[in-house]
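Here's the letter readout for the chains.
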Amino acid sequence: MDLKKLHKLSRSRLARPSSSGTKMKQSKKKTTFKTKRCVCTPPGYGLVAFPSVWNELRVHQQLCDGVVHSNDGKTFCVHRPILSASSPYFKALFTNSLKGGKPETKEVNVDIPGHILELILDYAYTGRCNITPHNVEQLLPIADQYEVLGVVRQCCQYLFEELRPDNCLGIFKFARHYFCCDLEERGRRYIRHNFKQILQQSSEFKDLSAEELESILCDDELNVRNEELVFEAVIRWTEVDITARKQHLKSLIHCVRYGLMSFKYFTDVVMNNKLILGNLELQDSLYPASLFLAELDSRPGSELDLNDPLARPRIPYEILFAVGGWSAGSPTSFVETYDTRADRWFLSMNTDITPRAYHGLCTIDNLIYMIGGFDGNEHFNTVRCYNPVTREWKERACMYHARCYVSVCSLGDKIYALGGYNGRSRMSSAERYSPHNNQWEMIPSMHRQRSDASAAALQNKIYIVGGFNGQEVLRSAEVFDPATSQWTYIHSMISARSGVNLVAYRNCLYALGGFNGFARLNSGERYDPSRSTDWQEVTEMFTPRSNFATAVLDDMIFVIGGFNGSTTIAYVECYDADSNEWYDATPMNLNRSALSACVLAGLPNKKEYSYLSKVQEIGQGASSDATNH
């Protein structure tokens, strides 16, 4: 939709593609003649019944008692009560309530094109109108002007669903212009989340004002993996019209958080940019950043000072949760969360009551489901659900079978629990859970018994690889198609693996680590179902591990904790397919194996799980202590 016409480096965590301000500046208030309500979801707006007989009478022009003329000469016969019910404006127009009680009017002229007026009448009689990319820009402001709030609401909902990287900036401006507050906020969130794609795909980016661009780039919630992208955005926008826009560089280049970028990029790219080389004032203003990065570069392995304004981390769009596991000889109930922008782990005080390990974990609708597991004595068939917004755990329906070493994944709105160990035998059975119905159902069993295997969903199918059947560690793999309810073998892996992790990443399956019957592995292999080829080896991890957790975060595979053959570990590393390399990340606070992890995106309270929030809490605590003493 075109809305423009409307107004490697060292392999360390500092070198990996950065999991890298103040809040956005207040934009200038619009001058308006009256306080406007949000037209997206007007107060008091409710569902209205639209009997089919209304439209039958309209189509056959029966019992009509009014006429409306459009500004292009079209005439429409209407039922005044029906049109008045859809719009206070039309009610006032027909009853002459704005003219001191003069006799009711039966014929009115409106400054609306005929094709738009017809859409408004469609809504008045049926509750629906045909909104398209070609008419929404004209329909929404006219519906707002004539107070047809149902049409306004449907236009806003249409635009909600139409948000894409190539049109979201125009929709955002459109929403601001017409005071669609809900649509404006949805657009703002979309821009924050998809900024990289917008920079790559949007022709509207170059039309942003300096003020609009600054408010986007300064936002703590801007979802950028590294600050290099922010600098690139500033330069790209300026180069559209250097003569007119270079005056804004002084403020825009300080939207970049230089402490979070590499010293090499800063010296080679930032300080050598022609716009900066030609401006001594800009060079001087970047001197503190140069000192900060030079000092950091001179101390390899030193920890980044995130309290320095130059290195203020942004709020991550995605939060990684690592739950439970085996630590110090016993199962744990600990939950740790990871802020990828700050590269920091935080222990959560909201833990599950029952410690457990060798369980499954997955998410649906931003709720975390913990399935099965083992506490050292009991093998569980229980399911617990965690709400990260309310921070509450709740019991859900139990599985048919107790399962530890269980393989769990979600597909669509269902959770699959496959194989595992019930305390007596390794299992081939499988079951599926519907959160909506809070009910489990059995599905066909796998071809092989598998405990300590791993499952992942890809292209509407469920894959499971490896595991242990009680006698041997398995290389085999199979796939379940929910459409046919059948299991089928696929190519076996290169290596036998139990305690393995299978990850769906960039339309491929990655089988990482595990135990081959003799040693813990740091190797991995990839399978592309669309090519039906054999598994291919991938770059090895730094650390051999089994019974670890994995998650896809920031378009990278994170591997977390596990057992290295002699001890449980806290080490975390991540794989970037673009560079085909692994990078160190900050380790967890606790050594753990047999844990599980998942990622939640776009939480409304994501800031509560961020480094910035934790620093604020510490600061408030220190302030409180000082006051008390």
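Residues numbered from 1 in each chain as written. Predicted model: local features only at pLDDT ≥ 70, side-chain atom pairs only at ≥ 80, totals over all residues. Heavy atoms only, no water.

Novice: For the sheet that holds strand E21 (residues 501-505), give the residues involved together with the corresponding values.
Specialist: Backbone-to-backbone hydrogen bonds pair the strands of a sheet. The strands run either parallel or antiparallel. The 4 strands are arranged E21-E22-E23-E24 in an open sheet whose pairing can be described as antiparallel. Either end of the sheet is taken by a strand with one partner, and the two such strands are E21 and strand E24 (536-538). Shown here is a sheet whose adjacent strand axes are inclined to one another by a mean of 30°, direction ignored. Sheet topology note: the strand E22 (residues 508-512)/strand E23 (residues 524-527) ladder contains 4 bridges and is antiparallel. The residue bridging Ala511 from the neighbouring strand is Glu525, located in E23. (Pairing = 2+ DSSP bridges. Helix = DSSP H or I, 4+ residues; strand = E, 2+ residues; numbered from the N terminus. Axes fitted to C-alpha atoms, helices over the stretch in contact; angles between N-to-C directions.)

Novice: Before we move on, could you go through the pattern of salt bridges and cite the residues and values that matter?
Specialist: If you walk through the whole model with that rule in mind, you get 36 salt bridges. Glu395 serves as the salt-bridge partner of Arg384, at 2.4 Å between the closest nitrogen and oxygen. Of this pair, Arg384 sits in strand E11 (residues 383-387) while Glu395 sits in strand E12 (residues 392-396), and the two are 11 residues apart along the sequence. Under the relative-accessibility criterion, Arg384 is labelled buried at 7%. Glu608 serves as the salt-bridge partner of Arg391, at 3.3 Å between the closest nitrogen and oxygen. Taken together, the positions of Arg391 in the loop between E11 and E12 and Glu608 in the loop between strand E29 (596-601) and helix H18 (611-628) put the pair 217 residues apart, joining distant regions of the chain. (Salt bridge = Lys/Arg side-chain N within 4 Å of Asp/Glu carboxyl O. Buried < 20%, exposed > 50% of the residue type's maximum accessible area, 1.4 Å probe, protein only.)

Novice: Which residues make up the pairing of strand E20 (residues 486-490), and what values do they have?
Specialist: Regular strands place their side chains on alternate faces of the sheet. As paired strands, strand E19 (residues 477-481) and E20 are joined by 5 bridges and run antiparallel to one another. Note on E20: the bridge partner recorded for Asp481 is Gln486. Taking the residues that link successive antiparallel strands as the turn, the E19-E20 hairpin has 4 residues, and the phi of Ser485 there is positive, at about 60°.

Novice: Can you explain the environment of Gly325? Please cite residues and give values.
Specialist: The topology assignment puts Gly325 in the loop between strand E4 (318-323) and strand E5 (326-327). Judged by relative accessible area, which is 0%, Gly325 ranks as buried. Between the alpha carbons of Gly325 and Ser596 there is a distance of 7.2 Å; along the sequence they are 271 residues apart. Contacts of Gly325, omitting those with residues within four sequence positions, involve Ser330, Pro331, Thr332, Arg356, Ala357, His359, Ser593, Ala594 and Leu595. (Contact = heavy atoms within 4.5 Å.)

Novice: Report on the pairing of strand E2 (residues 75-78), specifying residues and quantitative values.
Specialist: Only one face of E2 is buried, namely the one carrying Phe76 and Val78, since none of Thr75 and Cys77 on the opposite face is buried. With antiparallel pairing between neighbouring strands as the criterion, strand E1 (residues 66-69) and E2 make up a hairpin whose turn holds 5 residues, including Gly73 at a positive phi of roughly 90°.

Novice: Can you explain the sheet that holds strand E9 (residues 360-364)? Please cite residues and give values.
Specialist: If you walk across this open sheet you meet the 4 strands as E9-E10-E11-E12, and the pairing is antiparallel. In the strand order of this sheet, the two ends are held by E9 and E12, each with one partner. Geometrically, the sheet is characterised by an average inter-axis angle of 25° between neighbouring strands, direction not taken into account. Strand direction decides the pairing type here: E9 and strand E10 (residues 367-371), joined by 5 bridges, are antiparallel. Bridge pairing links Ile364 to Leu367 in E10.

Novice: Could you give me a rundown of helix H5 (residues 136-145), with the residues and numbers involved?
Specialist: Burial analysis of H5 places 8 of its 10 residues in the buried class, the great majority of the element. Of all the residues in H5, the buried ones are Val136, Glu137, Leu139, Leu140, Pro141, Ile142, Ala143 and Asp144. Looking at the buried side of H5, the elements it contacts are helix H4 (114-126), helix H6 (149-162) and helix H7 (168-177). Taken from the residues just after H5, Glu147 is the one with a positive phi, measuring 60°.

Novice: Give a detailed account of unusual backbone geometry, specifying residues and quantitative values.
Specialist: Note: most residues except glycine have negative phi, and most peptide bonds are trans. The phi dihedral of Asp452 falls on the positive side, at around 60°, and the residue is not glycine. The topology assignment puts Asp452 in the loop between strand E16 (439-443) and strand E17 (454-458). Given a relative accessible area of 15%, Asp452 falls into the buried group. Despite not being glycine, Asn460 has its phi angle at roughly 65°, a positive value. For Asn460, the position within the fold is in the loop between E17 and strand E18 (461-465). With relative accessibility at 60%, the residue Asn460 sits in the exposed group.

Novice: So, the packing of H6 against helix H8 (residues 181-193): which residues are in play, and what are the values?
Specialist: Helix-helix packing: each pair is described by the crossing angle between the helix axes and the interaxial distance. Taken N-terminus to C-terminus, the directions of H6 and H8 make an angle of 5°; their axes are 10 Å apart at the nearest point. In terms of their interaxial angle, H6 and H8 are classed as roughly parallel. Of the residues in H8, those touching H6 at Cys156, Leu159 and Phe160 are Asp182, Leu183 and Arg186. Partitioned by chemical class, the residues of the contact of H6 with H8 number 4 nonpolar, no polar and 2 charged. (Parallel < 35°, antiparallel > 145°, perpendicular 65-115°, else oblique. Nonpolar A, V, L, I, M, F, W, Y, C, P; charged D, E, K, R; others polar.)

Novice: How would you sum up the nonpolar core? Please name residues and give values.
Specialist: When a protein is soluble and globular, its nonpolar side chains tend to lie buried together. In terms of nonpolar packing, the biggest core is built from 91 residues, with Leu139, Phe195, Phe205, Leu217 and Tyr258 touching the most fellow members. With sequence-adjacent residues up to four places away left out, Phe195 is seen in contact with Phe205, Ile216, Leu217, Leu222, Val224, Leu229 and Ala233. Listed in part, the 19 residues of the second largest apolar core include Ala322, Trp345, Leu595 and Ala597. (Core = buried A, V, L, I, M, F, W, Y, C linked by side-chain atoms within 4.5 Å.)

Novice: Tell me about the environment of Ala430, and name the residues and values.
Specialist: Residue placement: Ala430 occurs in strand E15 (residues 430-434). The class for Ala430 is buried, based on a relative accessible area of 0%. Each C-alpha atom of the pair Ala430 and Met399 lies 10.0 Å from the other, and the pair is 31 residues apart in sequence. Those residues within four positions of Ala430 in sequence are excluded, and the remaining contacts are Arg403, Ala417, Leu418, Met442, Ile443 and Pro444.

Novice: Tell me what's going on with the state of the cysteines, and back it up with residues and numbers.
Specialist: Throughout the structure, instances matching the rule amount to 0 disulfides. Cys409 provides the cysteine sulfur closest to Cys362, a residue in no disulfide bond, and the two sulfurs are 7.5 Å apart. On the basis of relative accessible area, Cys362 is assigned to the buried category, the value being 6%. With no disulfide of its own, Cys385 lies 9.8 Å from the sulfur of Cys362, the closest cysteine sulfur. (Disulfide = S-S within 2.5 Å.)

Novice: I'd love a proper account of the packing of aromatic side chains, names of residues and values included.
Specialist: Within the structure shown, the criterion is met by 25 aromatic pairs. With 5.5 Å between their ring centres and 65° between their planes, Tyr505 and Tyr510 make a pair best called edge-to-face. Judged by its relative accessible area of 5%, Tyr510 falls in the buried class. Judged by centre distance (5.9 Å) and plane angle (50°), the ring pair of Tyr510 and Tyr575 falls under tilted. With Tyr510 in strand E22 and Tyr575 in strand E27 (residues 568-576), this pair connects stretches of sequence that are 65 residues apart. Owing to a relative accessible area of 2%, Tyr575 belongs among the buried residues under this scheme. Taken together, Trp326, Tyr358, Phe374, Tyr405 and Tyr421 form an aromatic cluster joined through their ring pairs. Its guanidinium or amino end placed over the ring of Phe515, Arg520 lies 4.1 Å from that ring's centre, counting from NZ or CZ. (Phe/Tyr/Trp six-rings, centres within 6.5 Å; stacked < 30°, edge-to-face > 60°. Lys NZ or Arg CZ within 6 Å of the ring centre and 35° of its normal.)

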